[in-house]
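Close look at the chain arrangement
If you want the building blocks of each chain, they are given just below.
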Amino acid sequence: MSKCPHCGTKFKFEAENQFIHCEYCGLDFNQSELSNDEKIVKTNKNIIEGKSYSCSQCGTTLLSFDATAVTFCSYCGSQNIVEDKIVKQTAPDYIIPFSKTKDKCIKNYRKQLASFLFAPSYMKDDTLIEKIRGIYIPYGIYKIEYKGECVNRGELCTLSTSYYRYYDDYAIYTDIDASYNGISFDLLSKFYDEYSHAIPFNYKEAVEFNPSYLTGFCADGIDVDSDVYNSDAAKIGTYDSTRFLKKDKIFKKYNCKNPRAKFDVADKKVGMFPVYFLATKSNDGNHLYYAVINGQTGKVAADIPISFPKYIILSFILAIPIFFLLNIGSIIMPKDISIFAIIMSIASLIIYISQISMCNQRDSKSTDKGYSSKFINTNNENDDKNRQNKKTAKFKSDQNQNLKYIIAITLPLATILLDPVDNLFYYVTSSISLLLVILSFNSIIKIHNKLVSRPIPQLEKRDGDESE
Amino acid sequence: MKVNKKYFFRTLIYIVFVFFSGLLLYSIDAYNSAKHEIVQNYDADKKTYYYFNEKTNYSAMIDDSANLLSKKEKKKLLNEMTSLTKHGYIALVSTDSNSSSVENFADNYYQSHFDKEDGTIFVIDVNNGKIYIFSSGNNAKYITVSKANSIIDSVYKDSVNKNYYSCASFAFNQIQMILDSEKIDEPIHYIGNIFIALTLAFFISFIYILFKSRISAASYDEIIDNCDIQFKINNSYVKKIGSRKVRCRTGSTSDDDRLDS
């Protein structure tokens, strides 16, 4: 399938110049120059054939459609990859070829890391970053339509007096013929929605699928039903319809505030979209930080943890000019310091609680539609128990931290209520409270790092047969 | 017995010499004493000690209604307060019969004695158990509330231990330093400011982290820009469905009453 028409050896798709390049004879071809043998044969069932490589650590399978061997897993970083079997898969309808090279994407990723002051040094290691791999991810391409009459409400003020206004209400009937084609959502459960929503693709650059585009890259197969995202696709059309309807004179005349038309999904296609993928293990080896780069636009979406020593040092440096500013002409009364300490303690507590709840939400994966549709909607009692146990364990470990916050809030509050004459009480209790707030940032940073990381996937093998 | 005339005149000269030397020394001493001895006046009616600076027309006053200081201490303290009269009125006021707050008392006392002139008073309110510094006019620009609190922090222990002379003396010394544009020690303030600065720095850094490190989803507009859009509005018509009356009170509206449907 991926053989050079000139010399018969393998070729691969070059992202930089969008040509197919033969490594043996050095020739470049574009799609139209390939003979019918190399192009896909359009039958009723479009089938492509490739090799699957299975990861023994997490059970992920990656597909390769040329002779390129897969030597490590992009999802968990493991090098225990085993060549599995020949796989036949339904060919997608479209593909957006890689237009950004790996080097350019690495450069963009490095830029992102450099702009974040608190990124740990090990994330910038060249040997780690070079493991970025280009993978074609299956996406559902939705076409939503509205054809017919939609009704919206408008009003006209007919009379206005000092005490009353008189309105006539109207129903505005509008005949609309509208469609949005190219709204896309990923159909891969382990490509979390958080990442896929952050790197949108331009459907207008999609081309008809040809397996030659896959050469030199890996691919992954669909494991999420495209119906899962029907309502999300329709919502986008409904939201945007307001923009068009508001421009119409009739809606302006009748003061229709939010006209909209409710769209439905009319058609769905499947496309392969290019993503560069990198999984970096944390220092303790128990978590992964993912970085995904849009292979079409180069946009980076990366989870970057915080290096706590860097955070401390930079915060101390920032504290110096703040300290000098406070000493120049500022009047800070002892009571003000106590009130400030209470406000900071409460703010810190709110941040802490919200971080924990976000962690719980993320761990439950309830917001990831793709993952939820595949793994969570099964009635598995053991899973429910495990989830409950995890929640209980989390709550126990937080009690020490909660105690610190209680002390931090009540000490200065008690001082304000008792109102001792000696201002030293205000200073001492406020200082203790602020010190506890500062120490609480250790826990807050730890939770933040947990929030931006993912557990190492463990043998989440896909169900079903990948063959036709 | 014949008197030796020679020895007589020698002795006389010695006596005269000693007399005039003594007189000279006494005069010098008297002059020095006169130079340092402030003219202190005592108002028997008001029971106050006061000093009037003829050059600046400001006065220093000790109104010890609570009898916290001895006579000697009052005189000594008044001596120390006189140099402050170049900046404005200066007074030590003690009371054991104040029923209002010490701030109100100080304000009223100053208004009644010195009107709105430049000056500072140091109040010891035995009834409320508080000490307070009140300033007015130009003095208030230098002796700010923060500075006054710092001085009170430093002298509070003396007042608790009933060393009122030391308390007042140190307080006036600090006031002098401020008015002469010298900084007083404010260690407690600096420590408090250090903690405030550190806390603010940690918060600001964390807010920066929240903005930078988290992944944000593409907006609907971004997604729509990447789509093929066709939107046609073919025709529209309207149909009246009802009328209503809305009460209007100075720009706000309340519930509406439908007149007919």
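Owing to the predicted nature of the structure, the values given are computational and were not obtained by experimental measurement.

Moving on, we get to the overall build of chain A. If you tally the helices and strands in chain A, you get 10 helices and 15 strands. Sequence-distant contacts, at least 24 apart, represent 75% of the contacts inside chain A between residues at least 6 apart. Accessible surface for chain A amounts to roughly 22600 Å². Of this, 54% is attributable to carbon and sulfur atoms.

Turning our eyes to something else, we now look at the pattern of salt bridges. Scanning all chains against the criterion turns up 14 salt bridges over all chains. Taking the shortest distance from any N to any O, the salt bridge between Asp227 of chain A and Lys268 of chain A comes out at 2.2 Å. A residue pair is termed long-range when its members are at least 10 positions apart, and Asp227 of chain A in the loop between β11 (218-219) and α4 (230-247) and Lys268 of chain A in strand β12 (residues 264-281) qualify at 41 residues. Put simply, Arg153, Glu155 and Asp169 of chain A together with Arg244 of chain B are held in one network by salt bridges that share partners.

So, on to the nonpolar core. Ranked by size, the top nonpolar core spans 67 residues in total, and within it Tyr109, Tyr136, Tyr311 and Phe441 of chain A carry the most contacts. Excluding residues that lie within four positions of it along the chain, Phe441 of chain A makes contacts with Phe308 and Tyr311 of chain A together with Phe202, Phe203 and Phe206 of chain B.

Okay, the packing of helix α2 (residues 71-81) of chain B against helix α6 (residues 164-179) of chain B next. Residue and element names in this part refer to chain B. At their nearest, the axes of α2 and α6 sit 10 Å apart, and the two run at 5° to each other. Judged by the angle between their axes, α2 and α6 are roughly parallel. On α6, the residues that touch Glu73, Lys76, Leu77, Glu80 and Met81 of α2 are Tyr165, Ala168, Ser169 and Phe172.

Right, let's talk about the interface of chain B and chain A for a bit. At the interface, 65 residues of chain B touch 94 residues of chain A. Interface area, chain B with chain A, both sides summed: about 7700 Å², of which 67% is carbon and sulfur. The largest per-residue losses of area from chain B upon contact with chain A belong to Phe202, Ile215 and Phe231 of chain B, which jointly make up 10% of the total buried on that side. The interface formed by chain B and chain A contains 4 salt bridges. The closest approach of N and O atoms between Lys240 of chain B and Asp168 of chain A, which form a salt bridge, is 3.5 Å. Looking at the side of chain B that touches chain A, the elements with two or more residues in it are α5 (145-160), α7 (187-213), α8 (220-225), β7 (228-249) and β8 (252-260) of chain B. Top contributing element to the side of chain B that touches chain A by residue count: α7 of chain B, with 22 residues. Residues belonging to the side of chain B that touches chain A are distributed by class as follows: 34 nonpolar, 16 polar and 15 charged.

On to the packing of helix α7 (residues 334-364) of chain A against α7 of chain B, then. The contact between α7 of chain A and α7 of chain B brings their axes to 11 Å, and the two run at 25°. As judged from the angle between their axes, α7 of chain A and α7 of chain B are roughly parallel. The two elements α7 of chain A and α7 of chain B cross, and the hand of that crossing is left-handed. Along its contact with α7 of chain A, which presents Ile337, Phe340, Met344, Ala347, Ser348, Ile351 and Gln355 of chain A, the element α7 of chain B presents Ile196, Thr199, Leu200, Phe203 and Phe206 of chain B.

Once that is clear, we can look at the sheet that holds strand β5 (residues 119-125) of chain B. Residues and elements named next belong to chain B. The 6 strands are arranged β1-β2-β3-β4-β5-β6 in an open sheet whose pairing can be described as mixed. Of all the strands in the sheet, just β1 (41-43) and β6 (130-136) have a single pairing partner and so form its edges. Pairwise comparison of adjacent strand axes, ignoring direction, gives a mean angle of 15° for this sheet. Inspection of the sheet shows strand β3 (residues 59-64) paired to strand β4 (residues 89-95) by 5 bridges, in the parallel sense.

Attention shifts here to the pairing of β5 of chain B. Residues and elements named next belong to chain B. Among the 7 residues of β5, 7 are classified as buried, and the element is accordingly described as predominantly covered. Here β5 shows a buried face lined by Gly119, Ile121, Val123 and Asp125 and a second buried face lined by Thr120, Phe122 and Ile124. As paired elements, β4 and β5 share 7 bridges and run parallel to each other. Note on β5: the bridge partner recorded for Ser94 is Ile124. Traced from β4 through helix α3 (residues 102-114) to β5, the parallel crossover comes out right-handed. Two successive antiparallel strands, β5 and β6, enclose a turn made up of 4 residues, where Gly129 displays a positive phi of approximately 70°.

So, on to the side chain of Glu155 of chain A. Take Glu155 of chain A: it is sitting in strand β8 (residues 133-160). Judged by its relative accessible area of 18%, Glu155 of chain A is buried. Sequence-distant contacts of Glu155 of chain A, that is, excluding residues within four places in its chain, are made with Tyr167, Asp168, Asp169, Tyr170, Lys253, Tyr254 and Asn255 of chain A together with Arg244 of chain B.

Looking now at the packing of aromatic side chains. All names here are of chain A. In this structure the tally under the stated criterion is 41 aromatic pairs over all chains. Ring geometry for Tyr94 versus Tyr203: centroids 6.0 Å apart, planes at 80°, classification edge-to-face. Here Tyr94, found in strand β7 (residues 94-95), pairs with Tyr203, found in the loop between α3 (193-196) and β10 (207-208); they are 109 residues apart in sequence, far enough to count as distant. Sitting over the face of the ring of Tyr192, Arg454 holds its NZ or CZ atom 4.2 Å from the ring centroid.

Residue and element names in this part refer to chain B. Compared with an ideal rise of 1.5 Å per residue, which puts 16 residues at 22 Å, α6 spans 22 Å between its outermost C-alpha atoms and is within 8% of the ideal. Of all 16 residues making up α6, 12 are buried, and the element is well covered by its neighbours. Residues Tyr164, Tyr165, Cys167, Ala168, Ser169, Ala171, Phe172, Gln174, Ile175, Gln176, Ile178 and Leu179 constitute the buried set of α6. In this structure, the buried residues of α6 make contact with α2, β4, β5, β6, α4 (138-142) and α5.

What follows concerns the pairing of β3 of chain B. All names here are of chain B. The element β3 is largely enclosed, with a buried count of 6 among its 6 residues. Alternating positions in β3 separate into two faces, Ser59, Met61 and Asp63 on one and Ala60, Ile62 and Asp64 on the other, with burial throughout. Inspection of the sheet shows strand β2 (residues 48-52) paired to β3 by 5 bridges, in the antiparallel sense. By the bridge assignment for β3, Tyr51 is matched with Ala60.

Cut-off values and rules
- Residues numbered from 1 in each chain as written.
- Chains lettered and ligands numbered in written order.
- Predicted model: local features only at pLDDT ≥ 70, side-chain atom pairs only at ≥ 80, totals over all residues.
- Heavy atoms only, no water.
- Helix = DSSP H or I, 4+ residues; strand = E, 2+ residues; numbered from the N terminus.
- Contact = heavy atoms within 4.5 Å.
- Areas by Shrake-Rupley, 256 points an atom, 1.4 Å probe, with all protein chains shown as cover.
- Salt bridge = Lys/Arg side-chain N within 4 Å of Asp/Glu carboxyl O.
- Core = buried A, V, L, I, M, F, W, Y, C linked by side-chain atoms within 4.5 Å.
- Buried < 20%, exposed > 50% of the residue type's maximum accessible area, 1.4 Å probe, protein only.
- Axes fitted to C-alpha atoms, helices over the stretch in contact; angles between N-to-C directions.
- Parallel < 35°, antiparallel > 145°, perpendicular 65-115°, else oblique.
- Buried area = accessible area lost by both parts, 1.4 Å probe.
- Nonpolar A, V, L, I, M, F, W, Y, C, P; charged D, E, K, R; others polar.
- Left-handed = near helix turned anticlockwise from the far one by under 90°.
- Pairing = 2+ DSSP bridges.
- Right-handed = clockwise from strand over helix to strand, strands pointing away.
- Phe/Tyr/Trp six-rings, centres within 6.5 Å; stacked < 30°, edge-to-face > 60°.
- Lys NZ or Arg CZ within 6 Å of the ring centre and 35° of its normal.
- Expected span 1.5 Å × (residues − 1).

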